[in-house]
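Here are the chains, one letter per residue:
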Amino acid sequence: RHGAVKSEDTFKTSPFHLDLWFYFTLQNWVLDFGRPIAMIILPLEWFPLNKPSAGDYFHMAYNVITPFLLLKLIERSPKTLPRSMVYVSIIMFVMGASIHLVGDSVNHRLIFSGYQHHLSVRENPIIKNLKPETLIDSFELLYYYDEYLGHSMWYIPFFLILFIYFTGCFTPVEEESRMPVPALLLMGPSSLYYWYLVTEGQIFILYIFTFFAMMALVMHQKRKGLVLDSNGLFLFYSFIITLVLIAVWVIWLWNDKILRKKYPGVIYIPEPWAFYTLHLSNLQAAKESL
């Protein structure tokens, strides 16, 4: 029966999944974080503006590899997990990531035409002068698919699958609640990527609710005499470090008036690419003009 927890699963444990966590970290950095960088660095002549960029091909590879790695991670859980929920989440993940691929491709290509990510769609100089004005509505629709619908259908299933896996990462054996050295080495790059994911994806509420759910589950299982195994510790500590990095990021940019205008409201977490187009791209252009 899908989703049923077998009695023999209760006290099974699994070693640290070095291969899977390493592949996760590597492909996240290369295929997700690296895709806009590849688009900017590689010569424009290789990837014309009316064709997919190098970053788009990175995104396509990410959309195939990540669901496969998530499924392999679920398969290695020592506990039988709700497979129907996992499969539906994987399907939604692929749909959301694919929607994001299209919107993000166009939005990032607009950088070459002068689009500035630290401004809203209607405030961008290259957008607000479009005629007829209904074209601006089309660009806002594109932005909605990219930043809202695509992100929601992408990240909600992603964090849900991680949490489902996390529920099976408990053991009654204290000696197995330790992380090997490779896990400690991977924790930094993994946490830094989650920082990028939360800030660039503007999904702090989703992240913090997932983290609170993890904390509640850890305290609940502790009353039963269960502790996190090495894989659970790796995921849990990575989320803790991510929260620290987000706090440092917000404090650093707390008094930035332009970014404050772009991100109003109680939760102020600027996107790294908005920071880049506001501060770093202009600095780079000034250096090239010298």
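Residues numbered from 1 in each chain as written. Predicted model: local features only at pLDDT ≥ 70, side-chain atom pairs only at ≥ 80, totals over all residues. Heavy atoms only, no water.

This next bit is on the confidence of the model for the chain. Scored by pLDDT, the chain comes out at a mean of 86, with 92% of its residues at no less than 70. Within the model, the stretch residues 1-9 combines pLDDT values under 50 with 12 contacts to residues more than four positions away or in other chains. Below pLDDT 50 for its whole length, residues 283-290 participates in one contact with residues either more than four positions away or in separate chains. (pLDDT = per-residue confidence, 0-100. Contact = heavy atoms within 4.5 Å.)

A few words now on the UniProt feature "transmembrane region" (unreviewed entry) in the chain. Under the local residue numbering, the UniProt record ascribes the feature "transmembrane region" (unreviewed entry) to residues 20-42, 57-74, 86-103, 154-173, 203-220 and 232-254. Between the C-alpha atoms that bound residues 20-42 the distance is 29 Å, and the span itself is 96% helix and 0% strand. End-to-end, the C-alpha atoms of residues 203-220 are 26 Å apart, and along that stretch the chain is 94% helix and 0% strand. (UniProt positions renumbered as here; feature names shortened; annotations may be inferred. Helix = DSSP H or I, 4+ residues; strand = E, 2+ residues; numbered from the N terminus.)

A separate point is the packing of helix α1 (residues 18-41) against helix α3 (residues 83-109). Between α1 and α3, the shortest axis-to-axis distance is 11 Å and the interhelical angle comes to 35°. Judged by the sense of rotation from one axis to the other, the crossing of α1 with α3 is right-handed. Between α1 and α3, the contacting residues are R35, P36 and M39 on the first element and H100, D104, H108 and R109 on the second. Considered class by class, the residues forming the contact of α1 with α3 number two nonpolar, two polar and three charged. (Axes fitted to C-alpha atoms, helices over the stretch in contact; angles between N-to-C directions. Left-handed = near helix turned anticlockwise from the far one by under 90°. Nonpolar A, V, L, I, M, F, W, Y, C, P; charged D, E, K, R; others polar.)

Once that is clear, we can look at empty space enclosed by the protein. Within this structure, the stated rule accounts for three cavities of 30 Å³ or more. One number sums up the size of the largest cavity: a volume of about 210 Å³. Taken together, 24 residues make up the lining of the largest cavity; nearest its centre are D104, H108, E147, E200 and E271. Among the secondary structure elements, those contributing two or more residues to the lining of the largest cavity are α1, α3, α5 (134-166), α6 (181-201) and α10 (272-289). Among the elements that make up the lining of the largest cavity, the one with the highest residue count is α5 (five residues). Across the lining of the largest cavity, the residue classes tally to nine nonpolar, seven polar and eight charged. (1 Å grid on protein atoms, 1.4 Å probe; cavity = no way out; pocket = protein on both sides within 12 Å on 5 of 7 lines; lining within 4 Å. Points joined across faces, edges and corners; volume = space filled by probe spheres on them.)

In this structure, the largest pocket encloses a volume near 560 Å³. As for the largest pocket, its lining consists of 22 residues, and the residues nearest its centre are E147, Y148, G201, Q202 and Y263. Elements with a contribution of two residues or more to the lining of the largest pocket: α5, α6 and α7 (204-223). No other element matches the seven residues that α5 contributes to the lining of the largest pocket. Classifying every residue of the lining of the largest pocket gives 14 nonpolar, five polar and three charged.

Take the side chain of S238 next. Within the secondary structure layout, S238 lies in helix α8 (residues 230-252). In this structure S238 comes out as buried when scored by relative accessible area, which is 0%. Setting aside its immediate chain neighbours within four residues, S238 contacts M187, S190, S191 and Y194. (Buried < 20%, exposed > 50% of the residue type's maximum accessible area, 1.4 Å probe, protein only.)

Here we take up the nonpolar core. Ranked by size, the top nonpolar core spans 62 residues in total, and within it W21, L235 and F239 carry the most contacts. Elements represented by at least two residues in this core include exactly α1, α2 (54-75), α3, α5, α6, α7, α8 and α10. When residues no more than four places from it in sequence are discounted, the contact partners of W21 are F16, L73, Y165, L186, N231, F234 and L235. In terms of nonpolar packing, the next biggest core, distinct from the first, is built from six residues, V121, I127, I136 and Y143 among them. (Core = buried A, V, L, I, M, F, W, Y, C linked by side-chain atoms within 4.5 Å.)

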